[in-house]
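This is what each chain is made of:
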Amino acid sequence: MKLHGHRLRIASHMSELRNRLSRARYFRGHGVHSPFVYDLVRTVFMHHELYEGDRRLYETLLARGVEPRRAVQLQNLAIHCGYATFGMDRADADLCIATRELDPAATVRLVVAASAAGHTVVLLSPYADRDRQLLCSRLIAAHRSTTVDNRAYLLFFNNYLPKQHFRL
C-alpha cells in the first residue's frame, strides 16, 4: 500500500515538473516573440508593487480570496492596459473576471460575450481541478486572439493580436 502512495506522489511531481519545464522558455519574458506580451511580462508580471492609480480591482480581488501577489499583477495589468472598468463574473466591462464560483456553461458564455464585445477576460484558477483544465483548454483552442497562462489565471485578449498562446 505504501508503494502505491509513493507512485501517486511521483506521478504528481512528474506532472508538475513537466508543467514547469514547458514554461521555462518564457521565464522573465525570454522566448516571448510578441512585443505586447513581452512588455506585460517585464512591466506588469515582474513588478511587485502596485502602480499609482485606482485600486478598487485590487481590493475586490483580495476580498474574493485572490492571493495578494496575483491581485497586484491584475491591478497593474488594468492600469497598464488602460482598462476603465472591471466586472466580476460578467462580460460588460473592459476587464471581465471569471471566478471559480461561475459554472462552466456560464464561464463559456462570459468568454464568448466578452470576445464579441472586444473585452479582455481573466479566468481565475485555471488549474483548480481536471474539469477546469479541460474547460480552459477548449476555450484556448477556440479563442481567436492571444491568450496568456500565468498559472493562477488565464488572460484572453480580444484585440488586434494574432492567435498565440503563452504559458508563463
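Scroll up to find the structure this text is about.
Owing to the predicted nature of the structure, the values given are computational and were not obtained by experimental measurement.

## Let's talk about helix 2 (residues 35-45)
For helix 2, the complete set of buried residues consists of F36, V37, L40, V41, V44 and F45. Take helix 2 and look down its axis: the buried residues cluster within an arc of 140°, on one side only. Looking at the buried side of helix 2, the elements it contacts are helix 4 (68-81), strand 4 (147-149), strand 5 (153-156) and strand 6 (165-167).

## Details of the packing of aromatic side chains
Tallying each qualifying case throughout the model produces 2 aromatic pairs. Measuring from ring centre to ring centre gives 5.1 Å for F36 and F157, while their planes differ by 90°; the resulting arrangement is edge-to-face. Within this pair, whereas F36 is found in helix 2, its partner F157 is found in the loop between strand 5 and strand 6, the two being separated by 121 residues in sequence. In terms of burial, F36 and F157 fall into one category: buried. Considering the side-chain rings of F45 and Y153, the 6.3 Å spacing of their centres and the 55° angle between planes classify their relative orientation as tilted.

Scoring rules and cut-offs
- Every chain's residues receive numbers from 1 upward, in the order its sequence appears when written.
- It should be noted that, the model being predicted, local features are given only for residues of pLDDT at least 70 and side-chain atom pairs only at 80 or more, the latter also being counted only at that level, while totals for whole chains, interfaces and linings use all residues.
- Each side-chain value is derived from all of the structure's non-hydrogen atoms; neither hydrogens nor water enter the calculation.
- Relative accessibility thresholds used throughout: buried, under 20% of the residue-type maximum; exposed, over 50%; partly exposed, between the two (1.4 Å probe, protein chains only).
- Counting from the N terminus, the helices are DSSP H or I runs at least four residues long and the strands are E runs at least two residues long.
- Think of the arc as the fan of directions from the helix axis to the C-beta atoms.
- Here a residue-residue contact requires only that any non-hydrogen atoms of the pair lie within 4.5 Å.
- Pairing of aromatic side chains here covers Phe, Tyr and the six-membered ring of Trp, requires ring centres within 6.5 Å, and sorts the geometry by plane angle: under 30 degrees stacked, over 60 edge-to-face, intermediate tilted.

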